[in-house]
Amino acid sequence: ASRGAPATLSVSMRKRAWSTLHSAIALCGAAFIKWAQWASTREDVFPKDLCEALQQLHDDAPQHSYRQTLRILAQELKCDPSLIFL
């Protein structure tokens, strides 16, 4: 027996799915956010409504302070970042 094409999601379901994906990507960190920012520019690869949802990560990406950046660098590099970055 042949199976038909999967049912298309309603517009509201797609918006909810893209919103959930946006939130999940924002929680996953910088690498995922960068990927999503790139993906938002590729309407030739991804659905237009997904690209529009991901475009929000250009302006709406999670932020943290410079102080937090320095703490993370010090922890990862196991030294004062100013010794490496002038």
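Our structure's up above, just so we're on the same page.
Cut-offs used in this document
- Residues numbered from 1 in each chain as written.
- Predicted model: local features only at pLDDT ≥ 70, side-chain atom pairs only at ≥ 80, totals over all residues.
- Heavy atoms only, no water.
- Helix = DSSP H or I, 4+ residues; strand = E, 2+ residues; numbered from the N terminus.
- Rg over C-alpha atoms; globule rule 2.2 N^0.38 Å.
- Buried < 20%, exposed > 50% of the residue type's maximum accessible area, 1.4 Å probe, protein only.
- Contact = heavy atoms within 4.5 Å.
- Areas by Shrake-Rupley, 256 points an atom, 1.4 Å probe, with all protein chains shown as cover.
- Expected span 1.5 Å × (residues − 1).
- Arc of directions from axis to C-beta.
- Axes fitted to C-alpha atoms, helices over the stretch in contact; angles between N-to-C directions.
- Parallel < 35°, antiparallel > 145°, perpendicular 65-115°, else oblique.
- Nonpolar A, V, L, I, M, F, W, Y, C, P; charged D, E, K, R; others polar.
- Core = buried A, V, L, I, M, F, W, Y, C linked by side-chain atoms within 4.5 Å.

Asker: Is there a simple way to think about the overall build of the protein in this case?
Answerer: Assigned secondary structure in the protein consists of five helices and zero strands. Each helix and strand of the protein, placed in order from N terminus to C terminus, yields the pattern α-α-α-α-α. The C-alpha radius of gyration computed for the protein amounts to 19 Å, which surpasses the reference 12 Å derived for 86 residues by more than 25%, pointing to a less compact arrangement than a globule. When its C-alpha atoms are laid out on the principal axes, the protein stretches across 65 × 30 × 20 Å. In the protein, buried positions account for 19% of the 86 residues. At a minimum sequence separation of 6, the contacts of the protein that also span at least 24 residues come to 40%. Accessible surface computed for the protein: about 7000 Å², of which carbon and sulfur atoms make up 59%.

Asker: Could you clarify how one ought to interpret helix α5 (residues 66-77) in this entry?
Answerer: Since the α-helix turns once every 3.6 residues, residues separated by three or four places project in the same direction. In a regular helix each residue adds 1.5 Å, so twelve residues correspond to 16 Å; α5 covers 16 Å between its end C-alpha atoms and thus fits that length. The positive-phi residue at the C-terminal boundary of α5 is Lys-78, with phi of around 60°.

Asker: How should I be thinking about helix α1 (residues 11-28) in this particular structure?
Answerer: With 18 residues, α1 ought to run about 26 Å at 1.5 Å a step, and its terminal C-alpha atoms sit 26 Å apart, in line with that. Those residues of α1 lying buried are Trp-18, His-22, Ile-25 and Ala-26. Along the axis of α1, the buried residues cluster in a sector spanning 100°; they form a single face. Exposed side chains of α1 directed beyond 90 degrees from the buried face belong to Arg-16, Thr-20 and Leu-27.

Asker: What is the right way to read the packing of α1 against helix α2 (residues 30-39) from this model?
Answerer: To characterise two packed helices, one gives the angle between the axes of the helices and the distance between these axes. Where α1 contacts α2, the axes come no closer than 6 Å and their chain directions differ by 135°. When the axes of α1 and α2 are compared, the pair comes out oblique. Contacts between α1 and α2 involve Ile-25, Ala-26 and Cys-28 from the first element and Phe-32, Ile-33, Trp-35 and Ala-36 from the second. Residue composition of the contact of α1 with α2, by class: seven nonpolar, no polar and no charged.

Asker: For this particular structure, what's the right way to read the nonpolar core?
Answerer: As a rule of thumb, soluble globular proteins bury nonpolar side chains together. Trp-18, Ile-25, Ala-26, Ile-33, Ala-36, Ala-39, Phe-46, Leu-50, Cys-51, Ala-53, Leu-54 and Leu-57 together form the largest nonpolar core, which totals twelve residues. If you list the elements that add at least two residues to this core, you get α1, α2 and α3 (48-54). At four residues, α3 tops the list of elements feeding residues into this core. Apart from residues no more than four positions distant in its own chain, Leu-57 is found in contact with His-22, Ile-25, Ala-26, Ile-33, Ala-36 and Gln-37.

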